[in-house]
Amino acid sequence: MWRVGLVFGAVACFLSLAGLVEALHARWVVDGWVSAGQVLLGGLLLGAGAVSARRTAPGLGRLTAGVVAGATTGAALGLLVWLSRHVDLRSMFVNASPTLLQLLSAGRPPEEAWLGWVAVGSVLGAVGAGVAAAPQRVVGPLATGLGTVLGLALFQELVLLVLQPEGLAPVRDWLFVAGAGPTPHGAAAAFALSAAAALVWQAVRARPGRAGVLPPRAARAVWVGVGLVALLALPLAGGPFVAQVLVIVGLYTLMGLGLNLEVGLAGLLDLGFVAFFAIGAYTVGLLTSVGQHGIAHWSFWAAVPVAVLVSLIAGVVLGIPVLGIRGDYLAIATLGFGEIVRLLVLSDALRPWLGGSQGVLAIPKPTILGFELAGPQHLYYLTVVASAVVAFVAWRLQDSRLGRAWMAIREDEDVAEALGINLVSVKLLAYGLGAAFAGVGGAIFAVMVGSVFPHSFQLLISIQVLALIIVGGMGSIPGVLVGSLVLIGLPELLREFGEFRFLVYGVALVAMMLLRPEGLLPAAAQRRELHALEEEKEAAVVAPEAAPEGGC
Amino acid sequence: MPILATRRMTKRFGGLVAIRALDLEVEERSIHSVIGPNGAGKTTLFNCVTGFYRPDEGEIWFAGQRIDGLRPDEIAHLGVARTYQNIRLFANMTVLENVLVGLHRHLRSTWVGAVLRSPAVRREERWAHGEARRLLEFVGLGGRLNFLARNLPYGEQRKLELARALATRPKLLLLDEPTAGMNPAETQEMIQFIRRLRDELGITILLIEHHMRVVMTISDRVTVLDYGEKISEGTPQQVQADPRVIEAYLGTRKVAAEALG
């Protein structure tokens, strides 16, 4: 149990020294009371208690385990305070600033701060142990309430934007202190409301028979309707900034859907995926630009199909040489392709046509019947439509002869081939169609920025797209959207995370792999099986004597 | 005319000769077993017939066509299917999907058709799902359609692998130790099942098997390999009586005599 404490303590010290705690300290969760940084540290102490308690046999021992783990975590933080007084930490850790120390020691001398941390750690560790032992119906609503308050604080710019209209000013002023954070009474109200809602929801779900108010199909239709309205209203309510973030999320979704065909379905690890995004963008750029590199002055709508086709062909052409390469080697080979494409457009040799590092400029915005899709709020709808079409295509493909063949070669290439699957055509289709999807994203990117530069197509984008697929759930189409919202959208909205983006990425990826390797929204096959297991359990409960037999 | 024939087929791995100048003939609608000590070249033979390995010398003929040098998927299209010694399922796909992959070669839909989901594609998919369910019923997995293959118990994994192989509608089915790890009752069931494959579906079976009881019960012919060479061939009775076979299994006559006596 003290070992759990040490691990959490090390994490807490690391996050403090990396500067994340201090950065989050600048944001109030409850104005004048608690900051996000304090919530982070408190959450770690709580987590240490909960994890440690969960590893212990039920009983009073759990409480002890929680207290010890919490105290150990606290002691580690106390040690950091003590150390920073006696050693110049700043020469090694630039973020070990006086503000951080002030925050960690609460202005007390190191010895007192140390004791204080152990005490706070013990208490929170005990609470954590309590949370671990408490039944879900108690913890659920509490967690919902706390999560709502935290969300209100972290996304306050967003909430404030929605509350912008003058009529809502009283609500706004009651909920938030201008430029700081939620007011105490606002936070309390949000907590109470959401916790109560969670309780009601629980009660509804727990009703005998579990039949909802509406039949499942109708309920689903209602949810889809609500989702659609929210999707369409979001940029109008949130303004240009939110729309811009969502357009970027949409572009990553398009790329994610494409890479998902290759990696998630066909198991072809492609680290040069940004190349196809770049090819789509450059194709539209060259075909539509009114600047010096423009070759055709086409309209956006005429250029998009060409861009998709060019990306598709590029995907197939780049797929040919790597047909026989598997696994890790494939990742390295495709990594090379990504860089080759970027260096080609950057090169002096192609400068007369592609503009070198200056890029292709003066790409006009698309117009519909004379109406120009100028700002991000307009492009948002273009992105939504494009993503919906591409997701539809991906969904149809996934559940087809070709989709099954892709999954089969992901699982076992040799066996798939022995069952009559032509590896060459199936793989090239995966590369080609995946690239085509990315090409759609590139085309929208070109008109969004109005110009394309080689520097926009870094390796990092390929890695981010891969990361969002993993976080969302390999092979899962809704997972791609969730992944890009979480990994691309959230960091854009949480400005504090800006410089810690990759720290958060790393933590998120490691945590995903350890806790939920199937991703946030796993693919259909896994869900179907869970469903099958549930049905079997229910059948067994209803008629124990008629429990299904295993096979013949 | 034999449905499968190898002519002086040799396969080497570096300096090791895995199969040496093998002449093998498998009659249509027969159950033909290949036995031999570990490392005798049995699985290598399977890998050559299914196109995973290309023989260094000699020829392989299947149903009147030369198949050495063809790709595994081309050979599969001619009607050869197999199972594996260590079961190789598509572990993260459902039972139904595993069999649907087996049906791949009987489906025609292209990716454009799949996106548009034309009536022809829909009809084909309906047919494929029905066919897959029928096959799974046939092997006794009718109640497991939506399970992930990796979560099936061992015995059912074997059955699923068989169903997947049968989905390709093979003329020749190569079974690599189908009764490995089975208890006597399950083994008996498998023997019946293999017989049904031949009698009801008219499939020729080429079998690698270590259980001598199984081999002697169901085989029409037995080929014995040792160090990549055919040392004996004939009916189960003939092979059992062949001194060379006893020697290969138990060592030299002297050692055999010591071991027995």
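Residues numbered from 1 in each chain as written. Chains lettered and ligands numbered in written order. Predicted model: local features only at pLDDT ≥ 70, side-chain atom pairs only at ≥ 80, totals over all residues.

*Asks:* Where do I start with the overall build of chain A in this structure?
*Replies:* In terms of helices and strands, chain A carries 23 helices and four strands. Against the 2.2 N^0.38 benchmark of 24 Å for 552 residues, chain A shows a C-alpha radius of gyration of 27 Å, consistent with a compact globule. With the principal axes as the frame, chain A shows a C-alpha extent of 70 × 70 × 55 Å. Looking at chain A as a whole, 44% of its 552 residues are labelled buried. A fraction of 77% describes how many contacts in chain A between residues 6 or more apart in sequence connect residues 24 or more apart. (Helix = DSSP H or I, 4+ residues; strand = E, 2+ residues; numbered from the N terminus. Rg over C-alpha atoms; globule rule 2.2 N^0.38 Å. Buried ≥ 20, exposed ≤ 12 C-beta atoms within 10 Å, placed from the backbone. Contact = placed C-beta atoms within 7 Å.)

*Asks:* How do you make sense of helix H19 (residues 423-449) of chain A when you look at a structure like this?
*Replies:* An α-helix turns once per 3.6 residues; consequently, residues spaced three or four apart project the same way. Residue and element names in this part refer to chain A. For H19, spanning 27 residues, the distance from its first C-alpha to its last is 39 Å, which sits close to the expected 39 Å at 1.5 Å a residue. Of all 27 residues in H19, 22 are buried; the element is thus mostly enclosed. Positive phi appears at Gly450, one or two residues downstream of H19, with a value of about 85 degrees. (Expected span 1.5 Å × (residues − 1).)

*Asks:* What's the story with the confidence of the model for chain A in this structure? I'm lost.
*Replies:* Caution applies to low-pLDDT regions: their predicted coordinates should not be interpreted in detail. With 93% of its residues at a pLDDT of 70 or more, chain A has an overall mean of 86. Counted against residues more than four places away or in other chains, residues 541-552 of chain A, with its pLDDT under 50, gives 12 contacts. (pLDDT = per-residue confidence, 0-100.)

*Asks:* Even after reading the chapter, I still don't get helix H16 (residues 376-398) of chain A, so can you show me in this structure?
*Replies:* Between its terminal C-alpha atoms H16 of chain A stretches 31 Å, which fits the 33 Å expected from 23 residues at 1.5 Å a residue. By the burial criterion, the buried members of H16 of chain A are Pro376, Leu379, Tyr380, Leu382, Thr383, Ala386, Ser387, Val390, Val393, Ala394, Leu397 and Gln398 of chain A. Buried residues along H16 of chain A sit in contact with helix H11 (216-265), helix H17 (401-411), H19 and helix H21 (477-493) of chain A together with helix H4 (111-116) of chain B.

*Asks:* Sorry, what's going on with the packing of helix H20 (residues 459-472) of chain A against H21 of chain A here?
*Replies:* The description of two helices packed together rests on the angle between their axes and the distance between the axes. Residues and elements named next belong to chain A. The contact between H20 and H21 brings their axes to 7 Å, and the two run at 120 degrees. Here H20 and H21 pass one another in a crossing that is right-handed. Two secondary-structure elements touch here, H20 through Gln464, Ala467, Leu468, Ile469, Val471 and Gly472 and H21 through Gly479, Val480, Val482, Gly483, Ser484, Val486, Leu487 and Ile488. Partitioned by chemical class, the residues of the contact of H20 with H21 number nine nonpolar, five polar and no charged. (Axes fitted to C-alpha atoms, helices over the stretch in contact; angles between N-to-C directions. Left-handed = near helix turned anticlockwise from the far one by under 90°. Nonpolar A, V, L, I, M, F, W, Y, C, P; charged D, E, K, R; others polar.)

*Asks:* Is there a simple way to think about the nonpolar core in this case?
*Replies:* Nonpolar side chains tend to gather and get buried jointly when the protein is soluble and globular. Grouped together as the largest cluster of nonpolar side chains are 169 residues, with contacts concentrated most on Phe277, Ala278, Val284 and Ile444 of chain A together with Ala163 of chain B. In terms of residue count, H19 of chain A provides more of this core than any other element does, 16 residues in total. Look past the residues within four positions of Ala278 of chain A in its chain and what remains in contact with it is Val341, Arg342, Val345, Gly442 and Phe457 of chain A. Counting 52 residues, the second-largest nonpolar core is a separate cluster that includes Val4, Val68, Leu77 and Val120 of chain A. (Core = buried A, V, L, I, M, F, W, Y, C linked by C-beta atoms within 7 Å.)

*Asks:* Hey, could you run me through the environment of Phe276 of chain A in this one?
*Replies:* Residue and element names in this part refer to chain A. Its location among the elements puts Phe276 in helix H12 (residues 274-288). For Phe276 and Arg501, which are 225 residues apart along the polypeptide, the C-alpha to C-alpha distance reads 25 Å. Beyond its immediate sequence surroundings of up to four residues, Phe276 is in contact with Ser311, Ala314, Gly315, Ala435, Ala438 and Gly439.

*Asks:* Where do I start with unusual backbone geometry in this structure?
*Replies:* With the exception of glycine, most residues fall at negative phi, and the peptide bonds are largely trans. Residue and element names in this part refer to chain B. Even without a glycine there, the phi angle at Ala63 is positive, about 50 degrees. Here Ala63 shows up in the loop between strand E4 (57-62) and strand E5 (65-66). Judged by the 17 C-beta atoms lying within 10 Å of it, Ala63 falls in the partly exposed class.

*Asks:* What exactly am I supposed to notice about the sheet that holds E4 of chain B here?
*Replies:* Whenever strands of a sheet pair, they do so through backbone hydrogen bonds, lying parallel or antiparallel. Residues and elements named next belong to chain B. Here we have four strands laid out as an open sheet, ordered E2-E1-E4-E5, and antiparallel in their pairing. Since the sheet does not close on itself, it has two edges, and those belong to strand E2 (16-26) and E5, each with one partner. Alignment of E4 against E5, held across two bridges, turns out to be antiparallel. When the sheet's bridge partners are listed, Phe62 is paired in E5 with Gln65. In the packing of helix H1 (residues 42-49) onto the sheet, the strands contacted are strand E1 (4-13), E2 and E4, and the crossing angle to E1 comes to about 115 degrees. (Pairing = 2+ DSSP bridges.)

*Asks:* What am I meant to see in the pairing of E2 of chain B here?
*Replies:* If a strand is regular, its side chains alternate between the two faces of the sheet. Residue and element names in this part refer to chain B. Pairing between E1 and E2: seven bridges, direction antiparallel. By the bridge assignment for E2, Arg12 is matched with Val17. Counted along the chain from E1 to the antiparallel partner E2, the turn is two residues long, and its residue Gly14 has a positive phi close to 60 degrees.

*Asks:* Help me understand the interface of chain B and chain A in this model?
*Replies:* Accessible area lost upon the coming together of the parts serves often as the stated size of an interface. Listed by partner, the interface residues are 36 residues for chain B and 30 residues for chain A. Going through the elements one at a time, helix H2 (72-78), helix H3 (95-102), H4 and helix H6 (154-167) of chain B are the ones with two or more residues in the side of chain B that touches chain A. In the side of chain B that touches chain A, the residues fall into 16 nonpolar, 11 polar and nine charged.

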